[in-house]
Amino acid sequence: MTRLASRFAAALACALTVGTATPVVVAHPTANAPLDVEVFDRHSGALLPMYRHRGELYVAGEPGHEYEIRLRNRGGGRVLAVTSVDGVNVLSGRTAAADQRGYVLDGWSSASIDGWRKSLNEVAAFYFTRLKDSYAARTGRPDHVGVIGVAMF
């Protein structure tokens, strides 16, 4: 199972956790947030279903399968989505923080993020794996493995 944290009300922050056999939770999802977050399994070609448990959302991923994060702005205004996987910002590779770079989505638009951006032309794919094999653990930052985070402004 993977934890998907989506749509925080306070700072409009969203955290989604991704992993294989480890539970991943979506913390404090709110229905009124203008940003949808989905996880798409690129191997099977299917959106991963979300399961609610004790107020959090979970998704289950298959080990070795690549995935992408899909963001959709359900409102008319622009949204900045600062996105991280395993506690690592997907654009900068730095340890995630809400004040970092992110994706700007115009009203009613969407974006698919299929890996950590290494350059304008190169991406390191997201895939479901065990903690010890994760990029974050290999770089000494294992605290948030399994979490996809989106801070929305």
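Here's a quick rundown of the structure.

**A closer look at the pairing of strand β13 (residues 123–127)**
Next, step 1: Where strand β7 (residues 66–73) lies against β13, 2 bridges are found, and the strand directions are antiparallel. Bridge assignment links E66 to a residue of β13, and that residue is Y127.
Next, step 2: The pairing of strand β12 (residues 115–117) with β13 spans 3 bridges and is classified as antiparallel. Of the residues in β13, the one forming a bridge with W116 is A124.
Next, step 3: Here β12 folds back onto β13, and the loop between the two strands holds 5 residues.

**Side note on the nonpolar core**
Next, step 1: Counting 25 residues, the largest nonpolar core has L35, Y67, I69, L71, V85 and F126 as its most contacted members.
Next, step 2: When contributions to this core are tallied by element, the ones reaching two or more residues are β3 (35–41), β7, β8 (79–85), β11 (110–113) and β14 (147–152).
Next, step 3: Dropping the residues within four chain positions of it, F126 is found in contact with H65, E66, Y67, I69, V85, V90, I113, D114, G115 and W116.

**Here's the deal with the side chain of D41**
Next, step 1: Tracing the sequence through the fold places D41 in strand β3.
Next, step 2: One buried charge, D41, has no salt-bridge partner; the nearest side chain with opposite charge is R42, at 8.1 Å.
Next, step 3: Of the polar contacts made by the side chain of D41, one reaches the side chain of H65; its length is 2.8 Å.
Next, step 4: Those residues in contact with D41, other than ones at most four positions away along the chain, are A46, L48, H65, E66 and Y67.

**Examining the side chain of S134**
Next, step 1: Along the chain, S134 falls in the loop between β13 and α1 (135–138).
Next, step 2: Setting aside chain neighbours within four positions, we find S134 in contact with D86, T129 and V145.

**Thoughts on the pattern of salt bridges**
Should their charged atoms come close, side chains of opposite charge can pair.
Next, step 1: Scanning all chains against the criterion turns up 9 salt bridges.
Next, step 2: Between R78 and D106 there is a salt bridge; the shortest N-O distance is 3.0 Å. Taken as a pair, R78 in the loop between β7 and β8 and D106 in the loop between β10 (103–105) and β11 lie far apart in primary sequence, 28 residues in all.
Next, step 3: Among the residues examined, D106 registers a relative accessible area of 43% and is labelled partly exposed.
Next, step 4: K118 is the partner of E122 in a salt bridge, and the nearest nitrogen-oxygen pair spans 3.7 Å.

Basis of the calculations
Residues numbered from 1 in each chain as written. Predicted model: local features only at pLDDT ≥ 70, side-chain atom pairs only at ≥ 80, totals over all residues. Heavy atoms only, no water. Pairing = 2+ DSSP bridges. Helix = DSSP H or I, 4+ residues; strand = E, 2+ residues; numbered from the N terminus. Core = buried A, V, L, I, M, F, W, Y, C linked by side-chain atoms within 4.5 Å. Buried < 20%, exposed > 50% of the residue type's maximum accessible area, 1.4 Å probe, protein only. Contact = heavy atoms within 4.5 Å. Lys, Arg positive; Asp, Glu negative; His and termini not counted. Salt bridge = Lys/Arg side-chain N within 4 Å of Asp/Glu carboxyl O. Polar contact = N/O pair within 3.5 Å; in protein donor to acceptor, adjacent residues only side chain to side chain.

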